[in-house]
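# What the coordinates show
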Amino acid sequence: MLEVCVDTIEALEIAIDSGAQRIELSENLSVGGLTPSVELISKARRACSEPLIVLIRSREGDFFYTDQERELMLEQAAQAIRLGADGVALGAGHHDHSLDWDFLFRARRVVKDASLAASLVVHRVFDNTVDPTGAIERLIEYGYDRVLTSGGAVRAVDSLDSLREWQAVASNRLEILPAGGVHPLNAEVILRSTGCRQLHGSFTTTETGKTDRLPSGTQIAEVRRILDEYLASVYLH
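Notes on the structure in this doc start here. (Residues numbered from 1 in each chain as written. Predicted model: local features only at pLDDT ≥ 70, side-chain atom pairs only at ≥ 80, totals over all residues. Heavy atoms only, no water.)

## Some details on the overall build of the protein
If you tally the helices and strands in the protein, you get 8 helices and 8 strands. For a compact globule of 237 residues, the expected C-alpha radius of gyration is about 18 Å, and the protein comes in at 17 Å, within 12% of that figure. On the principal axes, the C-alpha backbone points of the protein span a range of 45 × 40 × 35 Å. Residues classed as buried in the protein amount to 50% of the 237 residues present. Within the protein, contacts between residues at least 6 apart in sequence are counted, and of these 62% link residues at least 24 apart. Seen as two clouds, the 24 positive and the 35 negative side-chain charges of the protein have centres 2 Å apart. (Helix = DSSP H or I, 4+ residues; strand = E, 2+ residues; numbered from the N terminus. Rg over C-alpha atoms; globule rule 2.2 N^0.38 Å. Buried < 20%, exposed > 50% of the residue type's maximum accessible area, 1.4 Å probe, protein only. Contact = heavy atoms within 4.5 Å. Lys, Arg positive; Asp, Glu negative; His and termini not counted. Charge placed at Lys NZ, Arg CZ, Asp CG, Glu CD.)

## A short note on the packing of aromatic side chains
Evaluated as defined, the whole model comprises 3 aromatic pairs. Aromatic side chains Trp 101 and Tyr 142 sit 5.4 Å apart centroid to centroid with 75° between the ring planes, which places their arrangement in the edge-to-face category. Here the residue Trp 101 occupies a position in helix H4 (residues 101–114), and Tyr 142 occupies one in helix H5 (residues 132–142), the gap between them amounting to 41 residues. Each member of the pair, Trp 101 as well as Tyr 142, is classed as buried. Ring centres of Phe 126 and Trp 166 lie 5.2 Å apart, and the angle between their planes is 85°; on these two criteria the pair is classed as edge-to-face. Here Trp 166 lies in helix H6 (residues 160–170) and Phe 126 lies in the loop between strand S5 (119–122) and H5, a separation of 40 residues in the sequence. When sorted by exposure, Phe 126 lands in the same class as Trp 166, which is buried. (Phe/Tyr/Trp six-rings, centres within 6.5 Å; stacked < 30°, edge-to-face > 60°.)

## Remarks on the pairing of strand S6 (residues 146–149)
Burial of the side chains of S6 extends over both faces: Arg 146 and Leu 148 are buried on one face and Val 147 and Thr 149 on the other. As for the winding sense of the linkage, the β-α-β connection from S5 through H5 to S6 is right-handed. Summarising the sheet, S6 and strand S7 (residues 175–178) pair through 4 bridges and their orientation is parallel. Counterpart to Val 147 in the pairing with S7 is Ile 176. (Right-handed = clockwise from strand over helix to strand, strands pointing away. Pairing = 2+ DSSP bridges.)

## Re the side chain of Arg 45
Within the element layout of this structure, Arg 45 appears in helix H2 (residues 38–47). Within polar-contact distance, the side chain of Arg 45 engages the backbone oxygen of Glu 50 at 2.9 Å. A polar contact of 2.9 Å, which involves the side chain of Arg 45, links it to the backbone oxygen of Gly 84. Residues within four places of Arg 45 in sequence aside, it is in contact with Glu 50, Leu 52, Leu 83, Gly 84, Ala 85 and Asp 86. (Polar contact = N/O pair within 3.5 Å; in protein donor to acceptor, adjacent residues only side chain to side chain.)

## Here's the deal with the nonpolar core
Formed by 67 residues in total, the largest nonpolar core has its most connected members in Val 88, Leu 90, Leu 104, Phe 126, Leu 139, Tyr 144 and Ile 176. Look past the residues within four positions of Tyr 144 in its chain and what remains in contact with it is Leu 90, Leu 104, Ala 107, Arg 108, Leu 120, Val 121, Val 122, Leu 139 and Leu 174. (Core = buried A, V, L, I, M, F, W, Y, C linked by side-chain atoms within 4.5 Å.)

## Structural notes on the side chain of Arg 146
Mapped onto the fold, Arg 146 is located in strand S6. Using a relative accessible area of 6% as the deciding quantity, one classes Arg 146 as buried. In this structure the side chain of Arg 146 is engaged in a polar contact, spanning 2.7 Å, whose partner is the side chain of Glu 175. Residues in contact with Arg 146, not counting those within four places in the same chain, are Glu 3, Arg 22, Ile 53, Ser 119, Leu 120, Val 121, Val 122, Leu 174, Glu 175, Leu 177 and Gln 198.

## Notes on the sheet that holds strand S3 (residues 52–55)
What the 8 strands build is an open sheet, ordered S7-S6-S5-S4-S3-S2-S1-S8; its pairing is parallel. Edge positions in the open sheet fall to S7 and strand S8 (199–201), since each of these has one partner strand only. Adjacent strand axes in the sheet meet at a mean angle of 25°, parallel and antiparallel pairs treated alike. (Axes fitted to C-alpha atoms, helices over the stretch in contact; angles between N-to-C directions.)

## Things to note about unusual backbone geometry
Residue His 97 is not a glycine yet carries a positive backbone phi of 70°. Within the secondary structure, His 97 is located in the loop between strand S4 (87–90) and H4. For His 97, a relative accessible area of 39% puts it in the partly exposed group.

## Focus on the packing of helix H1 (residues 9–18) against helix H8 (residues 217–236)
At a minimum axis distance of 8 Å, the contact between H1 and H8 shows a crossing angle of 35°. In the packing of H1 onto H8, the handedness of the crossing is right-handed. Residues Ile 14, Ala 15 and Ser 18 of H1 lie in contact with H8, whose contacting residues are Gly 217, Ile 220 and Ala 221. Each residue belonging to the contact of H1 with H8 can be placed in one class, and the counts come to 4 nonpolar, 2 polar and no charged. (Left-handed = near helix turned anticlockwise from the far one by under 90°. Nonpolar A, V, L, I, M, F, W, Y, C, P; charged D, E, K, R; others polar.)

What follows is the structure, given as structure tokens:
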């Protein structure tokens, strides 16, 4: 599964046309992504038939939210599912580097109340936790489906040992989705070194290191090819 994060309909269309199999939708990727508007979610749902995950993040900055911000994100999560999203990516943390388990429990309840089929994803707040293996077990207990993570470093390729360990702990009970600096030159080593079967990226960074407004269809298509060939080699052998 290749997931591409986008923040406009134009970017979404490029991603789908280039081989993305799942979309993570947000606004303002330049600040890490924020909860998209009702209008953008609705347009995105009409524009693609692929699975659509909506990022739920009420503001930029850290993941230490006020009670009001948490309540807002719970409302946004339920609304995203009602608008047709297939799942949401969310999370919150505490200053002691633990996940906000009360928020994650309540998020599961409001999302599943909106749709039992909806996917639950913890975003990169997971990278801040001091007990990732314990957190994986608890997320499985809570009914979460996926963790979006760079393994703790800025780039996934710099945290291969952690990603491999977490993939082994999660086994087939929860999906580990490597993210952070994924591109055609490191996609295969991330897959083969970790045993993960998914990749996530924005694919907006050029060869010169600059960031474009739109994703590179060429990069997406190449990473999709690498992913397909890797999976074929795993399952054929």
